[in-house]
Structure formats: C-alpha cells, structure tokens
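# Inside the fold
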Amino acid sequence: MSSSDAPPPEQMAVVLTENSADKLLPFATLVSGAVALGFRVDVLASYWGLVAFRKTATASPPSVSPGHGEDGARLESALKAPRAPSWKSILEMAKSIGELHIYACSQSMEILGLSKDELDPLVEGVTGVATFIDRTRSASVSYFI
Amino acid sequence: MSSSDAPPPEQMAVVLTENSADKLLPFATLVSGAVALGFRVDVLASYWGLVAFRKTATASPPSVSPGHGEDGARLESALKAPRAPSWKSILEMAKSIGELHIYACSQSMEILGLSKDELDPLVEGVTGVATFIDRTRSASVSYFI
Amino acid sequence: MSSSDAPPPEQMAVVLTENSADKLLPFATLVSGAVALGFRVDVLASYWGLVAFRKTATASPPSVSPGHGEDGARLESALKAPRAPSWKSILEMAKSIGELHIYACSQSMEILGLSKDELDPLVEGVTGVATFIDRTRSASVSYFI
C-alpha cells in the first residue's frame, strides 16, 4: 500500500474478550473509525471474543449482556430493527478499505476446543499472546475490551 | 489555562461502556487522579456508559454488576452508606479543577433513542467515534472500560 | 537488575477490576507475555480485581462470568481439568522471572473492608489511583480489564 520510505502507519491494538452486543458494536465502530483514519489495527480475539467469531455466532445478532433490565430489552429490540448496524458488516467494510488484522488467541482455541475452520474468515490466523504483544508494542492506542 | 508556548498537557482517553457501580467508581477515580496530575482527559460515553449519564440515572447510586453473590451484596450496601463516594460528584470535582471533557457517542444516542437534554450536564457534546479517536490519537494513556 | 546507564524497560500498566475466569486468564497471560518480553508490568487491583487476590479466592479456580449459557458451562468444566492453566500460577511464574508489581487500590480496600494480610502475597503493597497513574504515565501499553 505504501512506498518503502513512507513511515509505518499508526497502530491500534485491541484485545477482545467479550461477545455481547453492547461490546461488539463499540468494538467494531472503534476499529472501523481507526482504520478510516489510516491506523493499522491488530485484534486478538480471546475467550468470549473468540466465541464471537465462531461461524455459527456471526450468522445471527449477538445478545445484550445480562443485568440491564428494561434498558437491556430496549437495546435488544433496537438491534433487531432492519436497519440496525451489524458489528460483523462494520468489520468487513473496515477490512476492505484498510489494515485490519484479526487473530485468534491460541490459548483460548485450546481451552475452548475450537479449530480454525470453525471461525469466520475475518480471522486471519492463530497467534500466541506474547507474539501479539510483541507485534503491537509500538501501537499508540491499546484497548482491552 | 496555559500560555501559547506551553506544551500541550498529557492526555488520557477513556471509552466508557459500563454503568455498574464497580466500573463507574474506578472510572471516576482514574479520571479524577489523572486530572489532578495535570492530564487532559477525554471520555466517550457509549452504550451503558451513556445510559449512566442519563439525568434519571445520575440521581441515584448505580447498581453492582450481577454475578457477585455475597460480595456483590456487601459492596452494594457499602455504597449506600452516608459517606460512600459518589462517582458523579468525583467527576464534578475533577471537572471543576481541570480539563475533563465528556462526550456522548452519536451512534449510541441513535440506537438507544436518547436526546442531549436527557443527559447530565457533565456531558458537553455529542461526537462520533472517528472524531474521538482523531482527537485522542496522541493520548499517552487509553482505557476501554 | 540493570546498570545505571541502561534505558528503563518498556512498561505495561494494567487496571484490573474483574475476577471471573474469562478475565483473569487473559489478564495473567497478557502480563506473563509482557514480562517474558522484558516489560516491567504494574497492576492496580481494584474492586473485583482486588477480591480476586483475597487469599480465600486464590485457593480455588474462579467462576466464569454469568450470561454465557452452554459455552459458559463448557469453559467452566474445561478450567477444572487437571492440566488447565491457573491464572495465579501464571502470575507467580511471571513474577519469578521478571518485573511484575501488583498493588491493591486503597479506595477499594476501604470500601470492601479488606486488610493487606487478607490478600495473596502476590500483592506487594497498597496504593492510591493517582500514585498508580503517576508511576505508569510513561507506560507504552495500558489496559483496563
């Protein structure tokens, strides 16, 4: 994308451990905003964040996290509206316009008994946590979600 | 506050997506500590983090997040004690002594059907996620809560 | 550990507010990976993150956070397997090979009514939030868990 003397892009690192609608939507929007601004974004999908990328999960809208009563029910129904944003399509669009790299955490894969082919193609590989930290050590923004 | 040749203050960026007492109190304390140290703090209130700033919500102490059994009950009752810290008054004090800027996430406003005048005056405006990332790209500390 | 003219190590700052298995394991793995790469890691244990270090808590494996149905049950049972990783032993190993410093948040200690001798020896002291922010202001990576 860039000539060899261009400076490397700013980088954002995200460790994603959640799979509720109220985390996946701000996650996808953050990532997408960063990509649009020219950031390279690296995501480590871990535990529930990895479960979120299971093919069977990405086929339907995620649930709202428990304990939010009436507000939770209202959000749940707003997210079922025909024009409601889908976290997965926001990520797909971000990946098509810029540098978004999503990795599955190897420890979580093992503990949850998941294999790479059960995961959505948005996930480009499996990696260890130390490799992820090393790859993102110069990131200017880091989030644990 | 500063003369034109003073360096810009260190910056902290916080994306807040929670509204339980056990997140709002550490959030308010972190923000307040950073402001006291001279940081400029920018907060994006998103999803439950936005719900936390609804006027009706800031009028009473927040609940403890579910799933904490006996410990949760003990914390809930400790937070109802007369001299218990209030996350909102911690933020108000921080705002009165330094640079604290709280914005409502425009996507969350729309999905949750909220309008600016339903929010506590601590929220100074509505902004998109990309604008927030751009405004905080040189922050030295970033937290997703 | 280092001679006086060596540059200070890269630093990671973590504010830990959770005590479920699905947060403590990625937390311990992140910290351990960072220590292995030569980072100095400073942790502020706050609210449930402090409860996680209560001696009585570190004696048994933590629960999975609520609201995860069948997946939650599967994770819970995977973590009870004989060779399942223990978040506490991952931290102990990290501390034995590098610079890991865990502090209890003083505000949380007071609100939860805990005293230092009720905490696991992994916690080396009690500190305020402002002191923690000041001590980690030059950290290159910061996470709120």
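This text follows the structure it describes.
Quick look at the structure, then. Once a new chain begins, its residue numbering starts again from 1 and follows that chain's sequence as written. To label them, take the chains in the order written and letter them from A, then take the ligands in the order written and number them from 1. Reporting in this predicted model follows two pLDDT cut-offs: at least 70 for local features of residues, and 80 or more for side-chain atom pairs to be given and counted; totals over whole chains, interfaces and linings ignore these cut-offs and use all residues. Just so you know, side-chain values use all the structure's heavy atoms and leave hydrogens and water out.

## Considerations on the interface of chain C and chain A
What makes two residues a contact is simply this: any of their non-hydrogen atoms within 4.5 Å. Residue-level contacts link 31 residues of chain C with 25 residues of chain A. Simply put, the buried area is the total loss of 1.4 Å probe accessible area from both parts when two parts are fitted together. Summing both partners gives a buried area of about 2300 Å² for chain C against chain A, and 63% of it is carried by carbon and sulfur. Salt-bridge detection follows one rule: a side-chain nitrogen of Lys or Arg within 4 Å of a carboxyl oxygen of Asp or Glu. Counting every contact that joins chain C to chain A gives three salt bridges. A salt bridge links A:Arg54 to C:Asp71; the nearest nitrogen and oxygen atoms lie 3.1 Å apart. Polar contacts, as used here, are pairs of N or O atoms within 3.5 Å; protein pairs need one atom able to donate a hydrogen and one able to accept it. Residues neighboring in sequence count only if both atoms are side-chain atoms. The interface formed by chain C and chain A holds nine residue pairs in polar contact (both at pLDDT 80 or more) in total. Those elements that provide at least two residues to the side of chain C that touches chain A are α1 (21-36), α4 (69-78) and β5 (141-144) of chain C. For the purposes of this entry, the term helix denotes a DSSP run of H or I that reaches at least four residues, the term strand denotes a run of E that reaches at least two, and both are numbered from the N terminus.

## Some details on the sheet that holds strand β3 (residues 99-105) of chain C
All names here are of chain C. Pairing between strands is defined by DSSP: at least two bridges between the two strands are required. Here we have five strands laid out as an open sheet, ordered β4-β3-β2-β1-β5, and parallel in their pairing. The sheet is open, and its two borders are formed by β4 (123-127) and β5, each paired with just one other strand. Within the sheet, the average angular offset between the axes of one strand and its neighbour, ignoring direction, is 20°. Two strands pair when backbone bridges link them, and strand β1 (residues 11-16) and strand β2 (residues 40-45) are joined in this way by six bridges, in the parallel orientation. For Val14, the partnering residue across the bridge sits in β2 and is Val43. Only C-alpha atoms enter the line fits that serve as axes; for helices the fit covers just the stretch in contact. Angles between N-to-C directions range over 0 to 180 degrees.

## Observations regarding the side chain of C:Thr29
Of note, C:Thr29 is situated in helix α1. There is a polar contact of 3.2 Å between the side chain of C:Thr29 and the side chain of A:Gln107. Setting aside its immediate chain neighbours within four residues, C:Thr29 contacts A:Gln107, A:Val129 and C:Ile90.

## Re the interface of chain A and chain B
In this complex, chain A contributes 31 residues to the contact, which on the side of chain B involves 25 residues. For the chain A and chain B pair, buried surface summed over both sides reaches about 2300 Å², with 63% attributable to carbon and sulfur atoms. Three residues, A:Lys23, A:Leu37 and A:Tyr143, lead the burial of chain A against chain B; their summed loss comes to 22% of the area buried on that side. Where chain A meets chain B, there are three salt bridges. If you look at where chain A meets chain B, you find nine residue pairs in polar contact (both at pLDDT 80 or more). Broken down by secondary-structure element, the contributors of at least two residues to the side of chain A that touches chain B are α1 (21-36), α4 (69-78) and β5 (141-144) of chain A. Sort the elements by how many residues they give to the side of chain A that touches chain B and α1(A) lands first, with eight residues. Lys, Arg, Asp and Glu make up the charged group, whereas Ala, Val, Leu, Ile, Met, Phe, Trp, Tyr, Cys and Pro make up the nonpolar group; the residues left over, Gly among them, are polar. Its residues placed into classes, the side of chain A that touches chain B shows 18 nonpolar, eight polar and five charged.

All we've got here are geometric facts, nothing functional implied.
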